[in-house]
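Secondary and tertiary structure notes
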Amino acid sequence: MPALVNGEWIKGDVAASEMKDGAFHREQTHFHNWITPDGNQGPDGQPAFPAEPDRYQLFVSYLCPWASRTLIFRNLKGLRDIIRISVAEPAIGENGWTFANEQDAGAKAPPIRYLHQLYTASEPRYTGKVSVPVLWDRKEGRIVNNESADIIRILNSAFDAMTGDDQDFYPEESRPQIDAWNRLIYDNINNGVYRAGFAKSQQTYEEAASDVFKVLDKLEAHLADHRYIAGQHLTEADWRLFVTLARFDAAYHGVFKCNIRRLCDYHNLSNYLRELYQWQDVRETVRIDHIKRGYYSIAHLNPTRIVPLGPLHNFDAPHDRERLLGKGIVRRAK
Ligand SMILES: N[C@@H](CCC(=O)N[C@@H](CS)C(=O)NCC(=O)O)C(=O)O
């Protein structure tokens, strides 16, 4: 993959530095600062950034499941007027993530065309992968955090006093359960599809694709009598799973060769997917056109870059999840 080395943009083989013995290993993200209501310390005990309206900006791609998690939380938590977004072009090119027009990134940084400019503005000699999502501080001109798992937890609570929103997608009492599901789903589904798609040997591909379907089968059985992943409440575990399910038939089934079954062949998973898609303001974060163009433009997987016409989706079709007991969302005690 193209990446930054000592602050210099190097064009190269996609994901090459994340490959070992034919298997894909996702690089760890680098920026892990936190935002708290008053800038007091975050979960790591370090000083945090304070929550302020129009101070932070999300740089995303609609292709990307990790970035989409953050867009979902921005919408669910009523943060559209508080955190602005910049959306990259769907296909990642030789300059990495690129914006169609220059993006205003606040007074401390020049307008940017390429995502890597944010990384070098934050750390002039940065070395590593340049990924979305990025949570950017417009006031200080630097990256706060580039790890979606952190960003959704920041958005889940940091701005509540400003928005009056008390929905809690990571409630204290369910954390052990949520964390356990997250681990299983990350390894085998969210990242599992990438391990299958980027595998460079028959064996690593088969192992990864088998893991994907083993865990999809398990989730299908679990969802037969559970409305949501971690029980009766909708939590971050659901949204983390949702972004991969929503891309499955459009991208992973084809480009990543996860084709033992389609997602729409799973009754419970596909009804669950539709319930989540139809949840307040979520559908606008799912851009199937960007998803298909983005994944089908990964040149080493699809050299012609031809984007297939299908499959036809109708995530707005009715779902049958109401038959299961569900209590919606946990509200945070005031
Ligand atoms: N662990 C990160 C992963 C982010 C990630 O890998 N994003 C991909 C897009 S789906 C990316 O930007 N890749 C850039 C590259 O491979 O050069 C997160 O969850 O935020």
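These lines cover the structure that appears in this document, whether it is placed above or below. Being a predicted model, the structure only gives us computed values, none of them experimental.

1. Overview of the sheet that holds strand 8 (residues 84–87)
Reading across from one edge, 8-7-11-12 is the order of the 4 strands in this open sheet, with mixed pairing throughout. Every other strand in the sheet has two partners, leaving strand 8 and strand 12 (142–145) as the edge strands with one partner each. With strand direction ignored, the average angle separating the axes of adjacent strands in the sheet is 35°. Pairing of strand 11 (residues 134–137) with strand 12 involves 3 bridges; the strand directions are antiparallel. Paired with Leu-135 across the bridge in strand 12 is Asn-145.

2. Observations regarding unusual backbone geometry
Residues apart from glycine generally show negative phi values, whereas peptide bonds are mostly found in trans. Look at the link from Val-132 to Pro-133: it is a cis peptide, with omega at 0°. Note on placement: Pro-133 falls in the loop between helix 2 (116–122) and strand 11. Residue Pro-311 follows Gly-310 across a cis peptide bond; omega there is -5°. In this structure, Pro-311 sits in the loop between helix 10 (288–295) and strand 14 (330–331). Notably, Asp-54 is not glycine yet its phi reads approximately 55°, a positive angle. By the secondary structure assignment, Asp-54 is in the loop between strand 6 (49–50) and strand 7 (56–60). Residue Asp-54 is classed as partly exposed on the basis of its relative accessible area, which comes to 37%. One non-glycine residue, Arg-305, adopts positive backbone phi at about 60°. Examined against the element boundaries, Arg-305 turns out to sit in the loop between helix 10 and strand 14.

3. Remarks on the site of the ligand
Around the ligand sit 17 residues, and of these Arg-26, Cys-64, Trp-97, Glu-147 and Ser-148 come closest. Between the ligand and Lys-129 there is a distance of 3.2 Å, counted from an oxygen atom to a side-chain nitrogen or oxygen. If the ligand stood free it would expose 520 Å²; the protein chains cover 91% of that surface. A class-by-class count of the residues in the shell around the ligand yields 10 nonpolar, 4 polar and 3 charged.

4. Examining the nonpolar core
Judged by nonpolar contacts, the single largest core of 104 residues is most densely connected at Trp-239 and Phe-242. No other element matches helix 8 (residues 236–252), which puts 11 residues into this core. Here this core spans two domains, since at least three of its residues come from each of domain 1 (3–163) and domain 2 (172–327). Contacts of Phe-242, omitting those with residues within four sequence positions, involve Ile-72, Leu-273, Leu-276, Tyr-277, Val-282 and Val-286.

5. Concerning the pairing of strand 11
The alternating pattern of strand 11 places Val-134 and Trp-136 on one face and Leu-135 and Asp-137 on the opposite face, and all of these are buried. Relative to strand 11, strand 7 is paired through 4 bridges, and the arrangement is antiparallel. Bridge pairing links Tyr-56 to Asp-137 in strand 11. In textbook terms, the turn of a hairpin is the stretch between consecutive antiparallel strands, and for strand 11 and strand 12 this stretch comprises 4 residues, one of which, Gly-141, has a positive phi near 65°.

6. Here we look at the packing of aromatic side chains
Tallied over the entire structure, the rule returns 22 aromatic pairs. Ring geometry for Tyr-252 against Phe-256: centres 5.3 Å apart, planes inclined by 15°, an arrangement best described as stacked. Phe-256 matches Tyr-252 in its accessibility class, with the two residues each being buried. Ring geometry for Tyr-277 versus Phe-315: centroids 5.2 Å apart, planes at 65°, classification edge-to-face. Here Tyr-277 is found in helix 9 (residues 267–277), whereas its partner Phe-315 is found in the loop between helix 10 and strand 14, with 38 residues between them in sequence. Members of the aromatic cluster, each reached through a chain of ring pairs, are Phe-24, Trp-66, Tyr-186, Tyr-194, Phe-198, Phe-213, Phe-248, Tyr-252, Phe-256 and Tyr-295. When the ring centre of Tyr-194 is taken as origin, the NZ or CZ atom of Arg-26, which lies over that ring, is 4.5 Å away. The residue whose ring lies beneath Arg-153 is Tyr-170, and the NZ or CZ to ring-centre distance is 3.7 Å.

7. Section: the environment of Phe-248
In this fold, Phe-248 is placed in helix 8. Between the C-alpha atom of Phe-248 and that of Glu-236, which follows or precedes it by 12 residues, the distance is 19 Å. In this view, Phe-248 contacts Val-193, Val-212, Phe-213, Leu-216, His-253, Cys-258, Arg-261 and Leu-263; residues no more than four positions away in its chain are not counted.

Analysis parameters
- Residues numbered from 1 in each chain as written.
- Predicted model: local features only at pLDDT ≥ 70, side-chain atom pairs only at ≥ 80, totals over all residues.
- Heavy atoms only, no water.
- Pairing = 2+ DSSP bridges.
- Helix = DSSP H or I, 4+ residues; strand = E, 2+ residues; numbered from the N terminus.
- Axes fitted to C-alpha atoms, helices over the stretch in contact; angles between N-to-C directions.
- Buried < 20%, exposed > 50% of the residue type's maximum accessible area, 1.4 Å probe, protein only.
- Near = heavy atom within 4 Å.
- Polar contact = N/O pair within 3.5 Å; in protein donor to acceptor, adjacent residues only side chain to side chain.
- Areas by Shrake-Rupley, 256 points an atom, 1.4 Å probe, with all protein chains shown as cover.
- Nonpolar A, V, L, I, M, F, W, Y, C, P; charged D, E, K, R; others polar.
- Core = buried A, V, L, I, M, F, W, Y, C linked by side-chain atoms within 4.5 Å.
- Domains from an automatic or database assignment.
- Contact = heavy atoms within 4.5 Å.
- Phe/Tyr/Trp six-rings, centres within 6.5 Å; stacked < 30°, edge-to-face > 60°.
- Lys NZ or Arg CZ within 6 Å of the ring centre and 35° of its normal.

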